[in-house]
Amino acid sequence: MRNLSGKVALVTGSSKGIGAGIAKRLAADGASVVVNYSRSAEDAELVVQAIAAAGGQAFAVQADLSRPEDIQPLVDAAVQRFGRLDILVNNAGVYQVDSLDSITAESVDMHFNLNVRGLLLVTQAAARVLPPGGVIVNISSGVATSPQPMVHVYSATKGAVDTLTRTLGTALGARRIRVVGIAPGFVATEGNAESAAAMAEHLVGKTPLGRVGQPSDIAAAVSYAVSEDAAWVTGTTLDVAGGLVF
Ligand code: NAD
């Protein structure tokens, strides 16, 4: 486990799935963690309890990041509770399959309002309080670089996330704040449980390391990205996918 003691981390969308795994890992590494959730207070509380049971520090804050008005209060709550903010993990994201024919203005807005606009506005608010040495991690996806015709809109949002990782890394470098993207392969979570059952065999077959990813695989990469071991890494996105090209 890495030494993040004294650091404060905000993990968006961390009541379940990959985000919950990241929150638990950063807490185990020694950080105090803000567990953000949109709807599921009970799930968020379970994550907080699991962190506390393991000897860590966490608290949950509700904020729907597709609503711009929810964003500043989330960052304010982190700073008020723990006195500072060192690490932001932009994990919250939505995903829906589509086809060119099925795309609607509403589905475009739903994806972009959270995956891109929400990420950017949380980053803007957090960047105002992050100290030198602060780190922002953007959770992308392998579909950003190998986009799939059954997920046009989602793939486009993650392409935008990778672009923002580069622009933000450039913008914040002078303040010694790093910005690192992590692009997961196929990871089994609550959010994709249905598609996982249908697609696991196909995707595992395309994965050189021969298995579905777990939230802990992504959390380990985030732990590296926010650590001093990654002190020379910024503005780039790391594939964490068992070798899978979607
Ligand atoms: P999930 O659906 O299991 O969890 C998503 C999280 O985001 C949940 O905690 C949810 O509460 C939160 N969330 C949803 N809407 C929100 C909103 N409006 N405001 C705040 N939080 C909100 O998803 P997951 O599979 O754990 O995905 C997490 C991230 O990883 C996403 O950005 C996703 O695009 C990315 N990703 C996942 C996979 C995968 O195979 N699971 C692969 C590549 C990338």
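Residues numbered from 1 in each chain as written. Predicted model: local features only at pLDDT ≥ 70, side-chain atom pairs only at ≥ 80, totals over all residues. Heavy atoms only, no water.

**Some points on the packing of aromatic side chains**
In total, this model carries two aromatic pairs according to the counting rule given. Arranged with centres 5.5 Å apart and planes meeting at 80°, the rings of Phe 59 and Phe 82 form a pair that is edge-to-face. Of the two residues, Phe 59 sits in strand S3 (residues 57-62) while Phe 82 sits in helix H3 (residues 71-82), which places them 23 residues apart along the sequence. We note that Phe 59, like Phe 82, is buried. Their ring planes at 80° and their centres at 4.8 Å tell us that Tyr 95 and Tyr 154 sit as a pair that is edge-to-face. Residue Tyr 95 is found in the loop between strand S4 (87-90) and helix H4 (105-127), and its partner Tyr 154 is found in helix H5 (residues 152-172); the two are separated by 59 residues along the sequence. Since its relative accessible area comes to 37%, Tyr 95 is described here as partly exposed. The cationic tip of Arg 81 hangs over the ring face of Phe 59; the distance from NZ or CZ to the ring centre is 4.5 Å. (Phe/Tyr/Trp six-rings, centres within 6.5 Å; stacked < 30°, edge-to-face > 60°. Helix = DSSP H or I, 4+ residues; strand = E, 2+ residues; numbered from the N terminus. Buried < 20%, exposed > 50% of the residue type's maximum accessible area, 1.4 Å probe, protein only. Lys NZ or Arg CZ within 6 Å of the ring centre and 35° of its normal.)

**Considering the pairing of S3**
Relative to S3, strand S2 (residues 32-37) runs parallel, the two sharing six bridges. In the sheet register, Asn 36 faces S3, and the bridge partner there is Val 61. With respect to chirality, the unit in which S2 leads through helix H2 (residues 41-53) into the neighbouring parallel S3 is right-handed. (Pairing = 2+ DSSP bridges. Right-handed = clockwise from strand over helix to strand, strands pointing away.)

**Notes on the nonpolar core**
Judged by nonpolar contacts, the single largest core of 32 residues is most densely connected at Ile 22, Leu 26, Val 33, Val 35, Val 89, Val 137 and Val 222. Elements with a contribution of two residues or more to this core: strand S1 (8-11), helix H1 (17-28), S2, H2, S4, strand S5 (135-139), strand S6 (178-184) and helix H7 (215-225). Among the elements that make up this core, the one with the highest residue count is H1 (six residues). Other than its neighbours up to four places away in sequence, Val 137 contacts Leu 88, Val 89, Asn 90, Val 180, Ile 182, Val 222, Ala 225 and Val 226. One finds Ile 71, Ala 92, Leu 119 and Leu 168 within the second-largest nonpolar core, a separate group that totals 31 residues. (Core = buried A, V, L, I, M, F, W, Y, C linked by side-chain atoms within 4.5 Å. Contact = heavy atoms within 4.5 Å.)

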